[in-house]
Amino acid sequence: MTPPRNSNAARDIANVLHPYTDAKAFQQTGPLVITRGKGVKIYDEQGKEYIEALAGLWCASLGFDNERLVQAATNQMRKLPFYHSFTSKSHEPMIDLAEMLIERAPSPMSKVFFGNSGSEANDSALKMVWYMNNAIGKPKKKKVFARIKAYHGITLAAASLTGLPANHKLFDAPIANGRFIHVGTPHHYHEAKPGESEEDFATRLAEELEAKIIAEGGAEECAAFWAEPVMGAGGVIVPPKTYFEKVQAVLKKYDMLFVVDEVICGFGRTGSYWGSQTFNIQPDILVCAKALSSSYLPISAVMVNEAVFQGIAEGSSAVGTWGHGFTYSGHPVSAAVAIETLKIYDETKLVDHAAEVGAHMQAELRKRFADHPIVGEVRGVGLIGAIELSADKAAKKPFDPAKKAGPRLCKLGEENGVILRAMANDSMGFSPPLVITKDEVTEMLSRVEKSLDALAVELRRESIAAV
């Protein structure tokens, strides 16, 4: 339907290029225009209410109307609305936030660098790895490893770390310099051999990683391994038991840094303050964003340990400067909002709340959907989860992408008042605001269940699903 002339929808179609959108199809379908939010809910132009099952983009941890964050931004705007951190300049909000992050880090960290997004943070971490190895006399040690289906951002370097086809096709990514190596996805449901336990699967993945490292030049050429504790945009893939312990042993053997991408998992999402704590990971570099400010303002951070910092310090001494940074690195207003966000997490014991409500969400996901005729797998930990649609449960067969089962479920979800997101293999992610209550989780999943049942009926009529 053509939107009314001069409506928000019509003006959007005429002027906006949307991320992660089929730009050609969008000219006909148009946007869903959101006008306000309250708690875990958002509202469109017609006043229709939706539960945001993904907290926007895994990020609005405190919901959509936290007055303390509004006041923190307002107060800092009046005091110092902008200053930079280039050439030894600083300001109190950036200093305070860096100190707070180091105090909360899951492993000993030395310094914090600030950016504006997870993509910028991962890009910065990559530059740090290459810079330090040049500085300490290891110019060949540049190859970096990530996983197929990983998501680490969409700058050209971060997209090269990412392991998803849509982030590579037509973009000439990954960068063709031989430095980006992708290894297997730790998804037991799809990737394990028949009868292979989680522990045995983890052993095989670690052995495959080691073999790849050796093939790529071993410790002399291989610099770092990137990983999300739980893979987010790749479909909410929870690692098999013992996976990270075995991977870390391989990295230590070959003197490789472990860069842990906590952009989605950090600040309580997995039921611990960091996903690294949930899975017993000891990062050398930690990247975070999103829930750092509950996404009320853009900010990201890269924490580095002392060894990485010393390499950067040596390089900057030789060159005369560390030639990296962004105009808005450590922006005082964003930093002030992030400080208040971390204070709220502490004062309200939000991580404990997320663990308790997350256990409820995991139980409800399995109770409602594990035996559903078009759901192949239910997975997750804490307040992050997914249901993966399947055309044939017994064969673990996904739907033909052309049938758009996932996008159709998203549309039915909107009709029933819940915002969903379809990912790889028609996996539907759940990552609601951390402030969500058990009753709100129950209501959210009831709306999803209604939408899923409607989709099953449609697919059965079309003879698409084996139900």
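Residues numbered from 1 in each chain as written. Predicted model: local features only at pLDDT ≥ 70, side-chain atom pairs only at ≥ 80, totals over all residues. Heavy atoms only, no water.

Per an unreviewed UniProt entry, the protein carries the name Aspartate aminotransferase family protein and comes from Roseomonas alba. Quoted straight from UniProt, the Sequence similarities (unreviewed entry) entry for the protein says "Belongs to the class-III pyridoxal-phosphate-dependent aminotransferase family." One UniProt comment on the protein, placed under Cofactor (unreviewed entry), says "pyridoxal 5'-phosphate". (UniProt positions renumbered as here; feature names shortened; annotations may be inferred.)

Provide a residue-level description of the overall build of the protein, including the pertinent values.
Secondary structure assignment for the protein yields 17 helices and 15 strands. Relative to a compact globule of 467 residues, whose C-alpha radius of gyration would be 23 Å, the protein shows 22 Å and is just as compact. Projected onto its principal axes, the C-alpha coordinates of the protein cover approximately 70 × 60 × 45 Å. Long-range pairs, those at least 24 residues apart, make up 70% of the contacts in the protein with a sequence separation of at least 6. Carbon and sulfur atoms make up 54% of the accessible area of the protein, which amounts to about 20400 Å² in all. The protein carries 51 positive and 55 negative side-chain charges, and their two centres are separated by 3 Å. (Helix = DSSP H or I, 4+ residues; strand = E, 2+ residues; numbered from the N terminus. Rg over C-alpha atoms; globule rule 2.2 N^0.38 Å. Contact = heavy atoms within 4.5 Å. Areas by Shrake-Rupley, 256 points an atom, 1.4 Å probe, with all protein chains shown as cover. Lys, Arg positive; Asp, Glu negative; His and termini not counted. Charge placed at Lys NZ, Arg CZ, Asp CG, Glu CD.)

Before we move on, could you go through the sheet that holds strand β1 (residues 34–38) and cite the residues and values that matter?
Here 4 strands make up an open sheet; going across it, the order is β1-β2-β3-β13 and the pairing mixed. Both edges of this open sheet fall to β1 and β13 (418–419), since each of them pairs with a single strand only. In this sheet, β13 lies alongside strand β3 (residues 49–52) in parallel orientation, the contact comprising 2 bridges. Residue pairing across strands places glutamate 52 opposite isoleucine 419, the latter belonging to β13. Strand contacts of helix α17 (residues 438–461): β3 and β13, with the helix running at about 110° to β3, the strand carrying the most contacts. (Pairing = 2+ DSSP bridges. Axes fitted to C-alpha atoms, helices over the stretch in contact; angles between N-to-C directions.)

Go over helix α5 (residues 92–104) with me, naming the residues and quoting the values.
Over its 13 residues, α5 runs 18 Å from end to end, which matches the ideal 18 Å to within 8%, given 1.5 Å per residue. When α5 is considered as a whole, its buried residues turn out to be Pro93, Met94, Leu97, Ala98, Met100, Leu101 and Arg104. Viewed end-on, α5 has its buried residues packed into an arc of 165°, placing them on one side of the element. Among the exposed residues of α5, those oriented more than 90 degrees off its buried face are Glu92 and Glu103. For α5, the elements touching its buried residues are α4 (67–79), β4 (111–115), β10 (300–304) and α14 (332–347). (Expected span 1.5 Å × (residues − 1). Buried < 20%, exposed > 50% of the residue type's maximum accessible area, 1.4 Å probe, protein only. Arc of directions from axis to C-beta.)

Explain the pattern of salt bridges residue by residue, including any values.
Close approach of charged atoms allows side chains of opposite charge to pair. Tallying each qualifying case throughout the model produces 24 salt bridges. The salt bridge involving glutamate 340 is made with arginine 68; its shortest N-O contact spans 2.8 Å. Here glutamate 340, found in helix α14, pairs with arginine 68, found in helix α4; they are 272 residues apart in sequence, far enough to count as distant. Given the relative accessible area of 17%, glutamate 340 is considered buried. Between glutamate 220 and lysine 140 there is a salt bridge, with its nearest N and O atoms 3.7 Å apart. Taken together, the residues span a long stretch of sequence, with glutamate 220 in helix α10 (residues 218–221) and lysine 140 in the loop between α6 (118–135) and β5 (143–147) at a distance of 80 residues. The exposed category is assigned to lysine 140, whose relative accessible area is 53%. (Salt bridge = Lys/Arg side-chain N within 4 Å of Asp/Glu carboxyl O.)

Talk me through unusual backbone geometry; I want residue IDs and the actual numbers.
Residue proline 174 is reached from alanine 173 by a cis peptide bond, and omega for that bond is -5°. Phi at tryptophan 58 is positive, roughly 65°, even though this residue is not glycine. You can see tryptophan 58 is positioned in helix α3 (residues 55–58).

Describe empty space enclosed by the protein, and please don't skip the residues or the numbers.
Per the counting criterion, the structure on display carries 1 cavity of 30 Å³ or more. Space inside the largest cavity adds up to approximately 30 Å³. Taken together, Trp58, Ser61, Ile264, Gly266, Arg269, Ala291 and Leu434 make up the full set of residues lining the largest cavity. Of the residues assigned to the lining of the largest cavity, the class counts are 4 nonpolar, 2 polar and 1 charged. (1 Å grid on protein atoms, 1.4 Å probe; cavity = no way out; pocket = protein on both sides within 12 Å on 5 of 7 lines; lining within 4 Å. Points joined across faces, edges and corners; volume = space filled by probe spheres on them. Nonpolar A, V, L, I, M, F, W, Y, C, P; charged D, E, K, R; others polar.)

Lay out the layout of surface pockets with the relevant residues and their values.
Size it by volume and the second largest pocket reaches roughly 760 Å³. Lining the second largest pocket are 26 residues; nearest its centre among them are Ser85, Val112, Phe113, Trp322 and His324. Those elements that provide at least two residues to the lining of the second largest pocket are α5, β4 and α13 (306–319). Among the residues making up the lining of the second largest pocket, the classes are represented as 13 nonpolar, 11 polar and 2 charged.

Go over the nonpolar core, please, and point to the residues and values.
Formed by 67 residues in total, the largest nonpolar core has its most connected members in Leu97, Leu101, Phe267, Leu292 and Phe430. With near-sequence residues (within four places) excluded, leucine 97 lies in contact with Phe114, Leu292, Ile299, Ala335, Ala338, Ile339 and Leu342. Within the second largest apolar cluster, 34 residues are counted, among which are Leu54, Ile181, Val247 and Val260. (Core = buried A, V, L, I, M, F, W, Y, C linked by side-chain atoms within 4.5 Å.)

Pulling in residues and values, what's your account of the sheet that holds strand β8 (residues 257–261)?
Spatially, β4-β10-β9-β8-β7-β5-β6 is the arrangement adopted by the 7 strands of the open sheet, whose pairing is mixed. Of all the strands in the sheet, just β4 and β6 (180–183) have a single pairing partner and so form its edges. Each strand axis lies, on average, 20° off the axis of its neighbour in the sheet, ignoring direction. Pairing between β5 and strand β7 (residues 222–227): 3 bridges, direction parallel. What sits directly across from phenylalanine 145, in β7, is phenylalanine 225.

Give a detailed account of the packing of aromatic side chains, specifying residues and quantitative values.
Here a ring pair, both rings aromatic, is described through the centre-centre distance and the interplanar angle of the planes. Inspection of every chain in the model, using the stated rule, returns 14 aromatic pairs. With centroids separated by 6.1 Å and ring planes inclined at 35°, the aromatic side chains of phenylalanine 267 and tyrosine 345 adopt a geometry described as tilted. You can see phenylalanine 267 sitting in the loop between β8 and α12 (275–278) and its partner tyrosine 345 sitting in helix α14, a full 78 residues away along the chain. For the pair formed by phenylalanine 267 and tyrosine 345, the shared burial category is buried. Connected via pairs of aromatic rings, a cluster forms that spans Phe225, Tyr243, Phe244, Phe258 and Phe279. The lysine or arginine in question, arginine 36, covers the ring of tyrosine 43, its NZ or CZ lying 3.9 Å from the ring centre. A cation sits over an aromatic face here: arginine 179 above tryptophan 130, 4.7 Å from the ring centre. (Phe/Tyr/Trp six-rings, centres within 6.5 Å; stacked < 30°, edge-to-face > 60°. Lys NZ or Arg CZ within 6 Å of the ring centre and 35° of its normal.)

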